[in-house]
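# What the coordinates show
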Amino acid sequence: MMLDLRRLRLLRELNERGTIAAVADALQFTPSAISQQLAILEREAGVPLLERAGRGVRLTDPALVLVQHAEALLERTALAEADLAAAAGSVTGRARIAGFQSVILRLMLPAMRALARDAPGLRCELLESEPEEALPALALGDVDLVLGDEWHHQPRRLPEGVDRLDLLSDRVLLVLPARHAVARKHRRSVPLAELADDPWTSGHPTMGWEEVTQRVCRQHGGFDPDIRHRTNDANISLSLVANGLAVAMVPELALPERHPGITLREMQSAPVTRAIFAATRATDAARPSIQALVSAVQDAAEIAKGATMPGHRH
């Protein structure tokens, strides 16, 4: 019996993604092509690997055993490819990078500019994606590097086989309309309780931004914030604040250098930060392309650490 490694990967992907349609979409094949390759694998294995489950299929017990071996074989293959790339020493190939808006603008774009200059043989591809989606995609091999965040008191669990490198600590500030009475009263830090009656803007439910807004207001202000506006785009939230329609907690990395109509204040007795990190697959550690990518992101993070935000604090 000789098992094809590419077909074993399809079985592993089906186990992770759940449906043949999802595997086909991720790997850019047709569902019928995936089904044909899995049927060939079944003949090679000599045992049933799939069985009907409603309108879809599920893996049999022998298939689950095979998936465990496929994981080990695919990991060894990835390590061999990384070692081969390291031996060649050239920074070439394809690098797929995922991140959310503010880290793309402040870290990834400067890193990609540097790589275009220093490693022109590396093709960088950018995907805007929240960490909740990007980290599983990294583990599956859909992307090669993720820029993610971890909010204060909200640890993020990484998929197996993923390494994390912390880049910087991002301070979270209060963003108020420039003419807000509380901003005029407190020139540096604001007691959160004084914003209990204000409408707030934050992220969508289940996202870190929304959770930290609620928790900090409860713990340090003694109230449940009236989150009236929800968006994962900080620019929309900043515009809501500038128009006098809301207040917000926003990380410094998401703040542009200038935004008319807003002012920043610290939260009194409530220091809040989020960690910004880079994540890669452990099997890719020796790849020159990944090393160059991580190094460029680290350089961009060092520049971001030293950057100031003039024009906000009045």
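The paragraphs below set out a description of the structure included in this document. As the structure is a prediction and not an experimental result, all values here were calculated from the model. (Residues numbered from 1 in each chain as written. Predicted model: local features only at pLDDT ≥ 70, side-chain atom pairs only at ≥ 80, totals over all residues. Heavy atoms only, no water.)

## Some words on the pattern of salt bridges
Opposite charge on two side chains allows them to pair when their charged atoms are near. Under the definition given, this model contains 29 salt bridges. The shortest N-O distance in the salt bridge between Glu266 and Arg188 comes to 3.6 Å. In this pair, Glu266 is assigned in strand β11 (residues 262–267) and Arg188 in the loop between α7 (181–185) and β7 (189–190), connecting sequence segments 78 residues apart. When its relative accessible area of 59% is taken as the criterion, Arg188 is described as exposed. Here Asp284 makes a salt bridge to Arg287, at a shortest N to O gap of 3.0 Å. Just as Asp284 is buried, Arg287 falls in that class too. By sharing partners, the salt bridges in this structure join Arg9, Arg12, Glu13, Arg17, Glu71 and Asp142 into a single network. (Salt bridge = Lys/Arg side-chain N within 4 Å of Asp/Glu carboxyl O. Helix = DSSP H or I, 4+ residues; strand = E, 2+ residues; numbered from the N terminus. Buried < 20%, exposed > 50% of the residue type's maximum accessible area, 1.4 Å probe, protein only.)

## Quick notes on the packing of aromatic side chains
In this structure the tally under the stated criterion is one aromatic pair. We note Arg274 situated over the ring of Trp151; from NZ or CZ to the ring centre the distance is 5.4 Å. (Phe/Tyr/Trp six-rings, centres within 6.5 Å; stacked < 30°, edge-to-face > 60°. Lys NZ or Arg CZ within 6 Å of the ring centre and 35° of its normal.)

## Description of the pairing of strand β2 (residues 56–59)
In terms of strand pairing, strand β1 (residues 50–53) meets β2 through four bridges, oriented antiparallel. Bridging across to β2, Ala53 finds its partner in Gly56. Hairpin geometry of β1 and β2 is characterised by an intervening segment of two residues between the two adjacent antiparallel strands and by a positive phi of about 65° at Gly54. (Pairing = 2+ DSSP bridges.)

## Let's talk about helix α8 (residues 208–221)
Relative to the 20 Å expected for 14 residues at 1.5 Å per residue, α8 spans 19 Å between its end C-alpha atoms, a close match to the ideal helical length. Of all 14 residues in α8, 10 are buried, a share of seventy percent or more. Phi for Gly222, located one or two positions after α8, is positive at around 75°. (Expected span 1.5 Å × (residues − 1).)

## Describing the nonpolar core
Counting 32 residues, the largest nonpolar core has Leu192, Trp200, Met249 and Met267 as its most contacted members. Listed by contribution, the elements that provide at least two residues to this core are β6 (162–177), α7, α8, α9 (234–242), β10 (248–251) and β11. It is β6 that provides the largest number of residues to this core, a total of five residues. Not counting chain neighbours up to four residues away, the residues in contact with Leu192 comprise Leu174, Trp200, Val216, Cys217, His220, Gly221, Phe223, Met249, Met267 and Ala270. Membership of the second largest hydrophobic core comes to 27 residues, among which are Ala95, Ala296, Val297 and Ala300. (Core = buried A, V, L, I, M, F, W, Y, C linked by side-chain atoms within 4.5 Å. Contact = heavy atoms within 4.5 Å.)

In short, the description is geometric, and any link to function would need to be established separately.
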